[in-house]
Amino acid sequence: VQLQASGGGLVQAGDSLKLSCDASGLTFRSATVAWFRQAPGKEREFVAGIFRNGGNTYYADSVKGRFTVSKNNAKNTGYLEMNRLKPEDTATYYCAAGTRLILSAIRNRAQYDYWGQGTLVTVSS
């Protein structure tokens, strides 16, 4: 299984970016997909996740109302649409997928079996 995250870049505060996570060797229809981020010197933290049924989405409080997580099962691709970006959103963003998670564990990074390589998002003020 391979996950490939892309779409990061350097933007100004208030701008938008859309990250993609392309999967191979994994059927997204049966996978919970999440995005985590890690800023320099900080722990990797949960950002957003969409449960395998596609009907349940969860967000960190810091991004709620600004970010939208989704997945396209036909394309085996996950997305993180980020609007009204802030300098504190600066981090490397990782997509993750798992097929065995229960809903209550969606924020737990240890529950994900597969990880992408990360894509850097830098938001200037």
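To be clear, the structure that these remarks concern was listed above.
Residues numbered from 1 in each chain as written. Predicted model: local features only at pLDDT ≥ 70, side-chain atom pairs only at ≥ 80, totals over all residues. Heavy atoms only, no water.

Novice: Please explain the overall build of the protein as it appears in this structure.
Specialist: In terms of helices and strands, the protein carries 0 helices and 11 strands. Starting at the N terminus and walking to the C terminus, you meet the elements of the protein as β-β-β-β-β-β-β-β-β-β-β. Counting over 125 residues, the protein shows a buried share of 44%. Here the contacts in the protein between residues at least 6 apart in sequence split such that 58% fall between residues at least 24 apart. If you sum the accessible surface of the protein, you get close to 6,200 Å²; carbon and sulfur atoms cover 44% of it. Mean positive and mean negative side-chain charge positions of the protein (15 and 9 charges, respectively) differ by 6 Å. (Helix = DSSP H or I, 4+ residues; strand = E, 2+ residues; numbered from the N terminus. Buried < 20%, exposed > 50% of the residue type's maximum accessible area, 1.4 Å probe, protein only. Contact = heavy atoms within 4.5 Å. Areas by Shrake-Rupley, 256 points an atom, 1.4 Å probe, with all protein chains shown as cover. Lys, Arg positive; Asp, Glu negative; His and termini not counted. Charge placed at Lys NZ, Arg CZ, Asp CG, Glu CD.)

Novice: What is the right way to read the nonpolar core from this model?
Specialist: What tends to happen in soluble globular proteins is that the nonpolar side chains get buried as a cluster. Within the largest apolar cluster, 30 residues are counted, with the highest numbers of intra-cluster contacts made by Trp35, Val47, Phe67, Leu80, Met82 and Tyr93. If you list the elements that add at least two residues to this core, you get strand S1 (2-6), strand S3 (17-24), strand S4 (32-38), strand S5 (45-50), strand S7 (67-72), strand S8 (77-82), strand S9 (91-98) and strand S11 (119-124). Among all residues touching Phe67, those that are not within four sequence positions of it are Arg37, Val47, Tyr59, Leu80, Glu81, Met82, Asn83, Leu85, Asp89 and Tyr93. Ala34, Ala96, Leu101 and Ile106 belong to the second-largest nonpolar core, a separate cluster that totals 7 residues. (Core = buried A, V, L, I, M, F, W, Y, C linked by side-chain atoms within 4.5 Å.)

Novice: Help me understand the packing of aromatic side chains, please; the structure alone is not making it clear to me.
Specialist: Given two aromatic rings, their pairing is described by the distance between the two centres and the angle made by the two planes. With the rule as written, the count across this model stands at 4 aromatic pairs. An angle of 80° between the planes, with centres 5.6 Å apart, marks the rings of Phe36 and Phe46 as edge-to-face. Highlighted residues: Phe36 in strand S4 and Phe46 in strand S5, separated in sequence by 10 residues. In this structure Phe36 comes out as buried when scored by relative accessible area, which is 1%. Ring centres 5.5 Å apart and planes at 75° place the aromatic pair Phe36 and Tyr112 in the edge-to-face group. One end of the pair, Phe36, is in strand S4; the other, Tyr112, is in the loop between S9 and strand S10 (114-115), with 76 residues separating them in the sequence. (Phe/Tyr/Trp six-rings, centres within 6.5 Å; stacked < 30°, edge-to-face > 60°.)

Novice: Sorry if this is basic, but what is going on with the side chain of Thr119 here?
Specialist: By secondary structure assignment, the location of Thr119 is in strand S11. In terms of polar contacts, Thr119 uses its side chain to reach the backbone amide nitrogen of Gly8, at 3.0 Å. When residues no more than four places from it in sequence are discounted, the contact partners of Thr119 are Ala5, Ser6, Gly7, Gly8, Leu19, Ala91, Thr92 and Tyr93. (Polar contact = N/O pair within 3.5 Å; in protein donor to acceptor, adjacent residues only side chain to side chain.)

Novice: Can you help me understand the sheet that holds S8 in this one?
Specialist: Neighbouring strands of a sheet are bound in pairs by backbone hydrogen bonds; such pairs are parallel or else antiparallel. Spatially, the 4 strands line up as an open sheet ordered S1-S3-S8-S7, and their pairing is antiparallel. A single partner strand is all that each edge strand has here, and the edge strands are S1 and S7. The mean angle between the axes of side-by-side strands here comes to 15°, regardless of whether they run parallel or antiparallel. Looking at chain direction, S7 and S8 are connected through 6 bridges and run antiparallel. Bridged to Thr68 within S8 is Glu81. (Pairing = 2+ DSSP bridges. Axes fitted to C-alpha atoms, helices over the stretch in contact; angles between N-to-C directions.)

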